[in-house]
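Fold and contact review
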Amino acid sequence: MKLVGSYTSPFVRKISVILLEKGQTFEFINASPWTSDSPVPHYNPLGKIPALEMADGTWYESHIIAARLELEGLTPSLLPEDKLTALKVLQLEALADGIGDAAVILVRESMRPPELQMEEQIIRQREKILRGLDALEKEAAQGTLLNSDTLNLADIATACLIGFLNFRRVVPNWCVGRPALVKLADKMFARESFARTVPPQPES
Ligand SMILES: N[C@@H](CCC(=O)N[C@@H](CS)C(=O)NCC(=O)O)C(=O)O
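Residues numbered from 1 in each chain as written. Predicted model: local features only at pLDDT ≥ 70, side-chain atom pairs only at ≥ 80, totals over all residues. Heavy atoms only, no water.

1. Looking at the overall build of the chain
Under the convention used in this document: Per the convention used, a helix needs a DSSP run of H or I reaching at least four residues, while a strand needs a run of E reaching at least two, with both numbered from the N terminus. Here the radius of gyration uses the C-alpha set of atoms, whereas the globule reference equals 2.2 Å times the residue count to the power 0.38. Exposure is judged per residue with a 1.4 Å probe applied to protein chains only, and the accessible area is read against the type maximum: over 50% gives exposed, under 20% gives buried, and values in between give partly exposed. Residues count as neighbours in contact if any of their non-hydrogen atoms are within 4.5 Å of one another. For the accessible areas, the method is Shrake-Rupley and the probe is 1.4 Å, while residue cover comes only from the protein chains on display.
Counting secondary structure elements, the chain contains eight helices and four strands. Each helix (α) and strand (β) of the chain, taken in turn from the N terminus, gives the series β-α-β-α-β-β-α-α-α-α-α-α. Relative to the 2.2 N^0.38 estimate, which gives 17 Å for 204 residues, the radius of gyration of the chain is 17 Å and therefore close to what a compact globule would have. Expressed along its principal axes, the backbone C-alpha trace of the chain runs to roughly 50 × 45 × 30 Å. In the chain, which comprises 204 residues, the proportion classed as buried is 45%. For the chain, contacts bridging at least 24 residues in sequence account for 65% of all contacts bridging at least 6. For the chain, the accessible area works out to roughly 10,900 Å², and carbon and sulfur atoms hold 54% of it.

Okay, structure coming up:
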């Protein structure tokens, strides 16, 4: 298996963590999607990371890759057996990923010259992040679908998102008033799969 991407991406980290948790070995192709000569479009027509090359083809969109890996039947299973509960976990994974999308937009916006940055865009994406984190905090405090005793895809996606917020210093005070998310992040960052996928220092 070949995983294409960079550990600076929360979506790539999510797939690496899943593979490590399931004890799978894989080749890592370090690739940025942002350069003009990027190899990423060769693996994913959308030009986004991650992509995972498997014996049956190349998979992209991290939630689809995660679902594909669940089909392998490897332990631990990262979704509950009950289908409705599994869908609720998948929705939380999508929520964490969606917050990640908004955070990536904010980071890209901050790289533009100040006079080209759109205030309205920044406010809109920040609001998505804060609302999304509040929803995740509620779930983490309940501890049934997120932050329970059984590791699942929502836990992994949420911790990868928080790792990205910390790494890029997006909403640096995200932890204020969100104790259940802090607890979840501490628990997840102590796992070997997270220790092995820490993002490299930013280029700038
Ligand atoms: N929904 C996608 C998001 C992936 C994504 O946005 N990756 C970013 C890097 S963090 C990317 O490759 N962006 C390149 C682009 O948008 O052209 C997933 O879950 O895989």
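Anyway, onward from the coordinates.
2. Comments concerning the domain arrangement of the chain
Operational definition: For every domain, the bounds stem from an assignment made automatically or drawn from a database. Two parts lose some accessible area (1.4 Å probe) when they are put together, and adding that loss for both gives the buried area.
Splitting the chain by domain gives domain 1 (2–70) and domain 2 (83–191). Taken together, the contact between domain 1 and domain 2 spans 12 residues of the former and 17 residues of the latter. Both faces combined, the contact of domain 1 with domain 2 buries some 1,300 Å², and carbon together with sulfur accounts for 69% of it. Per-residue buried area on domain 1 facing domain 2 is highest for Pro-10, Phe-11 and Lys-14; these three make up 37% of the total on that side.

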